[in-house]
Amino acid sequence: WNKKQRELDAEYSGRALGQLAEQEDRFNALLREYHARQEKLEKEAAGKLEETRREYGARLKELEEALQAKEARMRENEELWRRKQLELESGLNAGRNRLNADMLAGEQALAGKEKKLISRNLDLEKEYSAKTAEIENLRIELTRVIMDYKNRK
C-alpha cells in the first residue's frame, strides 16, 4: 500500500508540477502581454506628448510672432500719436500766436483811435472855451451897448 501511495503521490506531484508549470506559463504569457501593452501605451503616450509639444511649440511661436507684431504696431501708433500731438500743439500755438498778434493789432488800433478821440475832444474843448469866451465878450459888449443906449436917452 505504501508503494501505491507513493505512486499516487508521485502522480499527484506530477500533476501539481504540471499545473504549476502551466500556471507559470500562463502567468509568463500574461506578463509578456502586460509588458507589451504597457510598452505600446507608453509609445502612444510619448507620441501624443511629442505631437502635443510640436503643436503647442508652433502655437507658442505664432503667439510670440503675433505679440511682436502687436508691439511693433503699438510703437508705430505711439509714434504716430506723438507726431499728431506735436502737430496739434504746433497748430494750437500758431493759432494762439495769430490771435495774440490780432489782439495786439486791435489794441494798437484802439489806442490810435483813442488818441484821436482825446485829441478831437481837446480841440472841441478849446473851441468851446473860445466860443464861450467870445459869447461872454459879446454879452459884455451887449450889456455895455444897452447901458449906453439907456444912458443916451
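Calculation rules
Residues numbered from 1 in each chain as written. Predicted model: local features only at pLDDT ≥ 70, side-chain atom pairs only at ≥ 80, totals over all residues. Heavy atoms only, no water. Helix = DSSP H or I, 4+ residues; strand = E, 2+ residues; numbered from the N terminus. Rg over C-alpha atoms; globule rule 2.2 N^0.38 Å. Areas by Shrake-Rupley, 256 points an atom, 1.4 Å probe, with all protein chains shown as cover. Lys, Arg positive; Asp, Glu negative; His and termini not counted. Charge placed at Lys NZ, Arg CZ, Asp CG, Glu CD. Patch = residues over 30% accessible without salt bridge, like charges linked within 9 Å, V, L, I, M, F, W, Y side chains within 5 Å. Salt bridge = Lys/Arg side-chain N within 4 Å of Asp/Glu carboxyl O.

A. Highlighting the overall build of the protein. When helices and strands are tallied, the protein shows one helix and zero strands. For 153 residues, the compact-globule formula gives about 15 Å, and the C-alpha radius of gyration of the protein, at 63 Å, lies well above that figure. Overall size of the protein, expressed as C-alpha extent along the three principal axes, is 210 × 30 × 10 Å. Accessible surface, the protein as shown: approximately 14,700 Å² in total, 57% of it carbon and sulfur. Each charge class in the protein can be summarised by its mean position, and for the 33 positive and 32 negative side chains these summaries are 7 Å apart.

B. Quick look at a nonpolar patch on the surface. Taken together, Phe27, Leu31 and Tyr34 make up a surface patch of nonpolar side chains, about 290 Å² in accessible area. Tracing the backbone through its elements, the reader meets Phe27 in helix α1 (residues 2-152).

C. Up close: the pattern of salt bridges. Per the stated rule, a full pass over the model turns up 11 salt bridges. Residues joined in a network through salt bridges with shared partners are Glu50, Arg53 and Arg54.

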